[in-house]
Amino acid sequence: MSTDFLFPKIADCSYVSCYCEENVWKLCEQVKYTHPEELSKCYAVFVSNEGRTVPLWRQKAGRGDDQVVIWDYHVFFMHNPAPSRCLVFDLDTTLPFPTYFHKYVTETFRSDLALRPEHHRFFRVIPADVYLAEFSSDRRHMRRPDGSWIKPPPLYPPILSSTNMHCLGDFICMSAGGKGPGSVYSLSEFVQQFYKSPHVTAAQQK
């Protein structure tokens, strides 16, 4: 099975710059229709923190040799088909599409040890089926006070759930008592949860 069987070509994926939450929702939707048996192994992952200032490296919008950028939040897609196999699909990275989890995390987030506490990254991990059902955004966060767009929106209608007209903030929130779905991890917890060394996994199976 190839590493990119879910999405054979990045060019075939729905993508609009600065709408990463909707791009990932569309990836989840694509899996639901083309590989429904894999949906339970897929996740939408929000990255942010209390101050909404999270540095990421290897980003297309980044600057310098390291292509670093500070986002208020970012969203990427994960496929975790086996304990020792986890792939990241990030439509905004300069890394390959997909990239193995350990390489992606190492090059994109590096370490919190060299960062100020206000720049530490937290991760809200949401099962893909939950994300499809509960995510809802009327895109208000992309409008200026005069109603004009900060960045042009996707051509398709806004993604709205049946229960909430706009709940993007709940997904970005990384507080322990937040209302957003899924689980929230620190960077180290995120790595411990989703990176399993092949050698460790093999030893556990013996």
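Given the structure is predicted, the values throughout are model-derived calculations rather than measurements. For every chain, the first residue of the written sequence is number 1, and numbering continues from 1 onward in sequence order. Note on the predicted model: pLDDT of at least 70 is required for a residue's local features to be given, and 80 or more for side-chain atom pairs to be given and counted; whole-chain, interface and lining totals, by contrast, use all residues. Side-chain descriptors were evaluated using all non-hydrogen atoms of the structure, hydrogens and water having been removed beforehand.

Undergrad: Honestly, empty space enclosed by the protein in this entry has me stumped. Any pointers?
TA: Empty space among the atoms becomes apparent when a probe as large as a water molecule is rolled across them. Residues are said to line a cavity or pocket when one of their atoms sits within 4 Å of a point; the points come from a 1 Å grid over protein atoms alone, cavities being sets where a 1.4 Å probe fits but cannot get out and pockets being open sets with protein on both sides within 12 Å along at least five of seven lines. Grid points are joined across faces, edges and corners, and a volume is the space filled by probe spheres set on the points. What the rule picks out here adds up to 1 cavity of 30 Å³ or more. Of the volumes computed, that of the largest cavity is approximately 30 Å³. Lining of the largest cavity is provided by Cys20, Asn23, Val24, Leu27, Val75, Phe89, Asp90, Leu91 and Asp92. Starting at the N terminus, helices and strands are each numbered in turn, a helix being any DSSP run of H or I of at least four residues and a strand any DSSP run of E of at least two. Take the lining of the largest cavity: its biggest share by element is 4 residues, from helix H1 (residues 20-34). The residue classification treats Ala, Val, Leu, Ile, Met, Phe, Trp, Tyr, Cys and Pro as nonpolar and Asp, Glu, Lys and Arg as charged. All others, Gly included, are polar. Of the residues that constitute the lining of the largest cavity, the class distribution is 6 nonpolar, 1 polar and 2 charged.

Undergrad: What's the story with the UniProt feature "domain: Protein N-terminal glutamine amidohydrolase alpha beta roll" (unreviewed entry) in the chain in this structure? I'm lost.
TA: UniProt positions are given in the numbering used here, feature names are shortened, and annotations may be inferred rather than shown by experiment. Sites flagged by UniProt as "domain: Protein N-terminal glutamine amidohydrolase alpha beta roll" (unreviewed entry) map to residues 15-194. For residues 15-194, the end-to-end C-alpha separation is 26 Å, with 24% helix and 22% strand making up the annotated structure.

Undergrad: Can you walk me through the confidence of the model for the chain in this structure?
TA: Fine structural detail should not be taken from predicted coordinates in areas where pLDDT scores are low. The predictor reports its confidence for every residue as pLDDT, a score running from 0 up to 100. Of the residues in the chain, 94% have a pLDDT of 70 or more, and the chain-wide mean is 92. Residue range residues 201-206 is modelled with pLDDT below 50. Its contacts to residues more than four positions away, or to other chains, number 3 contacts. Contacts were defined at the residue level, with two residues in contact if any of their heavy atoms lie within 4.5 Å.

Undergrad: Explanation requested: the sheet that holds strand E7 (residues 122-127) in the structure shown.
TA: Read across the sheet, 6 strands follow the order E6-E5-E4-E1-E7-E8 without closing on themselves; strand pairing throughout is antiparallel. Lying at the two open borders of the sheet, with one neighbouring strand each, are strand E6 (99-100) and strand E8 (183-186). The pairing of E7 with E8 spans 4 bridges and is antiparallel. Bridging across to E8, valine 125 finds its partner in serine 183. Following DSSP output, two strands are said to pair if at least two bridges run between them.

Undergrad: I would appreciate a short explanation of the packing of aromatic side chains in the present structure.
TA: Geometrically, a pair of aromatic rings is defined through the distance of the ring centres and the angle of the planes. For this analysis, a ring pair means two rings from Phe, Tyr or Trp (six-membered ring only for Trp) whose centres lie within 6.5 Å, classed as stacked if their planes differ by under 30 degrees, edge-to-face if by over 60, and tilted for the remaining angles. Tallied over the full model, the rule gives 22 aromatic pairs. Summarising the aromatic geometry, the rings of phenylalanine 76 and tyrosine 104 are spaced 5.1 Å apart at their centres and angled 55 degrees between planes, so their arrangement reads as tilted. Remark: tyrosine 104 occurs in helix H2 (residues 101-108) and phenylalanine 76 occurs in strand E4 (residues 74-82); sequence separation between them is 28 residues. Of the two residues examined, phenylalanine 76 and tyrosine 104, each falls in the buried class. Taken together, Tyr43, Phe76, Phe101, Tyr104, Phe109, Phe123, Tyr185, Phe190 and Phe194 form an aromatic cluster joined through their ring pairs. Placement of a charge over a ring requires the Lys NZ or Arg CZ to be within 6 Å of the ring centre, with the centre-to-atom vector within 35 degrees of the ring normal. The ring of tyrosine 156 has lysine 26 lying over it, and the distance from NZ or CZ to the ring centre is 4.3 Å. A 1.4 Å probe rolled over the protein chains alone gives each residue an accessible area, and that area as a share of the maximum for its type sets the label: buried under 20%, exposed over 50%, partly exposed in between.

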